[in-house]
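Remarks on the overall topology
Chain residues, written in single-letter form:
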Amino acid sequence: MRICIVGAGAIGGVLGARLARAGADVSLVARGPHLEAMRTHGLTLIEGDARETLPVRAVETPADLGVQDYVFVTLKAQSVPAMVERMQPLLGPTTAVVWAVNGVPWWYFHRLPGPWEGHRLACLDPGDVQWTGLGPERMLGCVVYPAAEVIEPGVIRHIEGHRFTLGEPDGSKSERADRLSRALRDAGLKAPVRPDIRTEIWVKLWGNLSFNPLSALTGATLDVLCTDPGTRAVARSMMVEAQAIAETLGVRFPIDVDRRIRAGAAVGAHRTSMLQDLERGRPMEIDALVTAVQEMGRLVDVSTPTIDTVVSLVRLRARTAGCLAD
Ligand SMILES: NC(=O)C1=CN([C@@H]2O[C@H](COP(=O)(O)OP(=O)(O)OC[C@H]3O[C@@H](n4cnc5c(N)ncnc54)[C@H](OP(=O)(O)O)[C@@H]3O)[C@@H](O)[C@H]2O)C=CC1
Ligand SMILES: CC(C)(CO)C(=O)C(=O)O
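Conventions and cut-offs
- Residues numbered from 1 in each chain as written.
- Chains lettered and ligands numbered in written order.
- Predicted model: local features only at pLDDT ≥ 70, side-chain atom pairs only at ≥ 80, totals over all residues.
- Heavy atoms only, no water.
- Helix = DSSP H or I, 4+ residues; strand = E, 2+ residues; numbered from the N terminus.
- Contact = heavy atoms within 4.5 Å.
- Pairing = 2+ DSSP bridges.
- Axes fitted to C-alpha atoms, helices over the stretch in contact; angles between N-to-C directions.
- Near = heavy atom within 4 Å.
- Polar contact = N/O pair within 3.5 Å; in protein donor to acceptor, adjacent residues only side chain to side chain.
- Areas by Shrake-Rupley, 256 points an atom, 1.4 Å probe, with all protein chains shown as cover.
- Nonpolar A, V, L, I, M, F, W, Y, C, P; charged D, E, K, R; others polar.
- Domains from an automatic or database assignment.

Here we come to the environment of P81. Looking at the element boundaries, P81 is found in helix α3 (residues 80-87). A sequence separation of 16 residues divides P81 from L65, and the C-alpha atoms of the two residues are 20 Å apart. Apart from residues lying up to four places away in sequence, P81 is in contact with V129 and Q130.

Below, the structure written as structure tokens:
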């Protein structure tokens, strides 16, 4: 089974190191000093007090690798369109593309029974580049629960979490999802296959759509955002608006907003990935995490006053810091 990880930074690095350690046929696509470090010294994974360096196959050009059985996308959402053409040599007729990216996926409405089946979200896939170039039928949903960080080139700190929940967009039980789940389990990760991946996406997204922009606006860590009465109230209102959108689209949340906020607080003094991107002067993942939810609100006629306010504030924050993705 040939597995490729496109965008092997923090999350892709955890996956790559775990799969390589388990003896899987895995290749990593990366760039810059991080790629050079992995080529020269191997990929170092730090988990708690354990530090291990593994030899990995790491390349800059996907064409060097040929057709794969599974291609994990672990890029930030806004980096994917520019990679679509370069990914073509990895894709054969049966290749599954595992969408391990936070936020609303561009294929959200693919095979979603109901009036919006096949609808395209403009802010996520302008010009349908991903829809045409990757193809929604290749997509296997994946909700990423671990937290990780590239602390220096070639070195990943896996902070917590082991679950990569998988699911087919049409909710079917498939051999490709089961096979990948077994491979991830063999690598010591948790990879349950769920019949309703969109519910999982929304539960994770609840936190990202509110905590991430609020952290970028305030500089606060999760524990503070979730307990300060002011930011907690703003996050809660955004989550309630998002819940109304998701429920209109048929999602039934297995937990309530307050439990989700408590789970965020329990992560502790963590700087969200959006805050980290802002601090490092990197493009912020605003559209997949927040703007797409606003766009879905317009689609299903649910008003989103708090989300609208936060979108405009965080976009301006990103623009003034030079961190607005193109
Ligand atoms: N980190 C975390 O704790 C969590 C992240 N997520 C989600 O997972 C996804 C991945 O995030 P994360 O791993 O943190 O992101 P990272 O930025 O650490 O990893 C992405 C990697 O892709 C590389 N890259 C970007 N463009 C290209 C290109 N054209 N060619 C080759 N390499 C490229 C980046 O390189 P460069 O650095 O040079 O840009 C980077 O190394 C995101 O959607 C994120 O929201 C989900 C849960 C937790
Ligand atoms: C906070 C965390 C790790 C989990 O919600 C995350 O997804 C992010 O920082 O973007």
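Read from one edge to the other, the open sheet built from four strands follows the order β4-β3-β10-β9, with strand pairing classed as mixed. This sheet does not close on itself; its edge strands, each paired only once, are β4 (50-54) and β9 (147-152). Strand-to-strand, the axes of this sheet are offset by a mean angle of 25°, without reference to chain direction. Relative to strand β10 (residues 155-160), strand β3 (residues 43-47) runs parallel, the two sharing four bridges. Across the sheet, residue I46 finds its bridge partner in β10, namely R157.

Taken together, 22 residues form the shell around ligand 1, and within it I11, R31, A148, R282 and E285 come nearest. Take R31: an N or O atom from its side chain is 2.8 Å from an oxygen atom of ligand 1. Interatomic distance of 2.7 Å between a side-chain N/O atom of E285 and an oxygen atom of ligand 1. About the coverage of ligand 1: the protein hides 86% of its 890 Å² of free accessible area. Mapped onto the shell around ligand 1, the elements with two or more residues apiece are α1 (10-21), α3 and β9. Looking at the shell around ligand 1, the element that brings in the most residues is β9, giving three residues. Residues belonging to the shell around ligand 1 are distributed by class as follows: 12 nonpolar, four polar and six charged. Shared between two domains, the shell around ligand 1 holds at least three residues of each, these being domain 1 (2-195) and domain 2 (198-320).

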